[in-house]
Amino acid sequence: MDSRWLLVVTLFSTASFVHAYSCTYSWNGVNYDASPLANSNTDYHFQVQTTDFWINVCRPTVTQVCGSSSATCEQWDPNSANGHASLGNAGTATFNPPSVPGENGQGFTVQFTGGDKPPGQNNPRTMEIDFICDHSAGVGVPSYAGEQPALHYNFQWRSSYACAATPPPPPSCAGTSCGGCLANATGQCVWCLDSGSCSSMANFNASCTNWVTKPQYCPAPACSQQATCAGCVGVGGCSWCLDTASCVVSPSNPSICADTVSNVTYCPTGDYEDFKASKIPTGKRMKVVN
């Protein structure tokens, strides 16, 4: 079915309310709660051409067309006893990170297995609903997004309830180098090239005109400005060259330096030859090879 087809959303009623699965989910430090989408009186009912779909959340569908445990019911022929199928059992719900991230990368996916098997086939139908964070959508309504692969049915649901139930914790943006600032920031930190400072995206100073948000775009460290071994290895991406007693970008090209250290423990403290012979334990010196 083509997801571009017009969806006509109506309501279907009624039955007693029975929870089939938990509607709370935590991922990447963010808590979600979809329970306000559950409805004990009505299903979310829409049509795609001549096919009807009934979906509910946190419980089986209210309609009994596909039985009492269906997460989503599809009916293509109301006049046939075999003209409908459950696309998944509500009790098999599993929550996962979003397949289609919404605002601020928020949302989640709920997958179901154990749907009805087509006649003559061994594989049951399965389905998933991509809940997409959209603060302007309110409750929102589900939409059919296609069958891919065969017998796996995809739905999308834009809703404010697919957004964080509680604000995510602020990122720790305190790195002293570009790489350190962005290494584990999951896109929430910014390195300002103008000031050489790290800040959260939320508190980013608009006066900064040159910035990066991904580690691969960090400039090469200013290793050549470091005059001592200790200062050199304290800068991310730099190593102290024992051959030339200078600071180089790590890992160094062997034609520039074949013998480097990147830990202050192994920095030379006296005569270089004595240090090289006795101060660096076997295997602790970084040999750069082609």
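Residues numbered from 1 in each chain as written. Predicted model: local features only at pLDDT ≥ 70, side-chain atom pairs only at ≥ 80, totals over all residues. Heavy atoms only, no water.

**Student:** Just give me the short version of the overall build of the chain, but keep the residues and values in it.
**Tutor:** A count of helical and extended segments in the chain gives three helices and 19 strands. The 290 residues of the chain split such that 37% are buried. A sequence separation of at least 24 residues applies to 46% of the contacts in the chain between residues at least 6 apart. When the accessible surface of the chain is split by element, carbon and sulfur atoms take 50% of a total near 15,200 Å². (Helix = DSSP H or I, 4+ residues; strand = E, 2+ residues; numbered from the N terminus. Buried < 20%, exposed > 50% of the residue type's maximum accessible area, 1.4 Å probe, protein only. Contact = heavy atoms within 4.5 Å. Areas by Shrake-Rupley, 256 points an atom, 1.4 Å probe, with all protein chains shown as cover.)

**Student:** Account for the side chain of Thr-42, naming residues and giving values.
**Tutor:** Here Thr-42 is to be found in the loop between strand S3 (30–33) and strand S4 (43–48). On the basis of relative accessible area, Thr-42 is assigned to the buried category, the value being 15%. Within the structure, the side chain of Thr-42 is placed 3.0 Å from the side chain of Asn-39, a separation counted as a polar contact. (Polar contact = N/O pair within 3.5 Å; in protein donor to acceptor, adjacent residues only side chain to side chain.)

**Student:** Give a detailed account of the packing of aromatic side chains, specifying residues and quantitative values.
**Tutor:** With the rule as written, the count across this model stands at 13 aromatic pairs. A connected cluster of aromatic rings, assembled from ring pairs, spans Tyr-25, Tyr-32, Tyr-44, Phe-95, Phe-108, Phe-131 and Trp-157. (Phe/Tyr/Trp six-rings, centres within 6.5 Å; stacked < 30°, edge-to-face > 60°.)

**Student:** Give a description of the state of the cysteines that names residues and reports values.
**Tutor:** Under the definition given, this model contains eight disulfides. Each disulfide pairs two cysteine sulfurs, and for Cys-23 the partner residue is Cys-58, the sulfurs being separated by 1.5 Å. In this structure, the disulfide formed by Cys-23 and Cys-58 twists by about -120° around the S-S bond and is classed as left-handed. Linking Cys-23 in the loop between strand S1 (7–12) and strand S2 (24–27) with Cys-58 in the loop between strand S5 (51–55) and strand S6 (72–75), this pair joins segments that are 35 residues apart in sequence. Judged by relative accessible area, Cys-23 falls into the buried class, the value being 6%. Each disulfide pairs two cysteine sulfurs, and for Cys-223 the partner residue is Cys-238, the sulfurs being separated by 2.0 Å. Judged by the torsion about the S-S bond (-90°), the Cys-223/Cys-238 disulfide is left-handed. Taken together, the residues Cys-223 in the loop between strand S15 (211–212) and helix H2 (229–233) and Cys-238 in strand S16 (residues 238–241) connect sequence positions 15 residues apart. (Disulfide = S-S within 2.5 Å.)

**Student:** Would you mind going over the sheet that holds strand S14 (residues 197–200) in detail, with residue names and values included?
**Tutor:** Each strand in a sheet pairs with another by means of backbone hydrogen bonds, the pair being arranged parallel or else antiparallel. Spatially, S14-S13-S15 is the arrangement adopted by the three strands of the open sheet, whose pairing is antiparallel. What marks the edges here is a single partner per strand, and that holds for S14 and S15. Direction of pairing for strand S13 (residues 189–192) relative to S15: antiparallel, over a ladder of two bridges. By the bridge assignment, Cys-192 is partnered in S15 with Trp-211. (Pairing = 2+ DSSP bridges.)

**Student:** Describe in detail the sheet that holds strand S9 (residues 107–112), supporting the description with residues and values.
**Tutor:** What the five strands build is an open sheet, ordered S8-S9-S10-S12-S11; its pairing is mixed. Of all the strands in the sheet, the pair left with one neighbour each is strand S8 (94–96) and strand S11 (142–147). Sheet twist, expressed as the mean angle between neighbouring strand axes with direction ignored, is 25°. By the bridge criterion, five bridges tie S11 to strand S12 (residues 152–159) in an arrangement that is antiparallel. Along S12, the bridge assignment pairs Pro-142 with Trp-157. (Axes fitted to C-alpha atoms, helices over the stretch in contact; angles between N-to-C directions.)

**Student:** Go over the pairing of S13, please, and point to the residues and values.
**Tutor:** Here S13 shows two buried faces, one formed by Cys-189 and Trp-191 and the other by Val-190 and Cys-192. In terms of strand pairing, S13 meets S14 through four bridges, oriented antiparallel. Looking at S14, one finds that Val-190 is bridged to Ser-199. Between S13 and S14, which follow one another and run antiparallel, lie four residues, and Gly-196 among them has a positive phi close to 65°.

**Student:** Go over the confidence of the model for the chain with me, naming the residues and quoting the values.
**Tutor:** With 77% of its residues at a pLDDT of 70 or more, the chain has an overall mean of 78. Here residues 1–19 scores under 50 on pLDDT; set against residues more than four positions off or in separate chains, the count is 51 contacts. Every residue in residues 277–290 is under pLDDT 50, and counting partners more than four places away or in other chains gives 26 contacts. (pLDDT = per-residue confidence, 0-100.)

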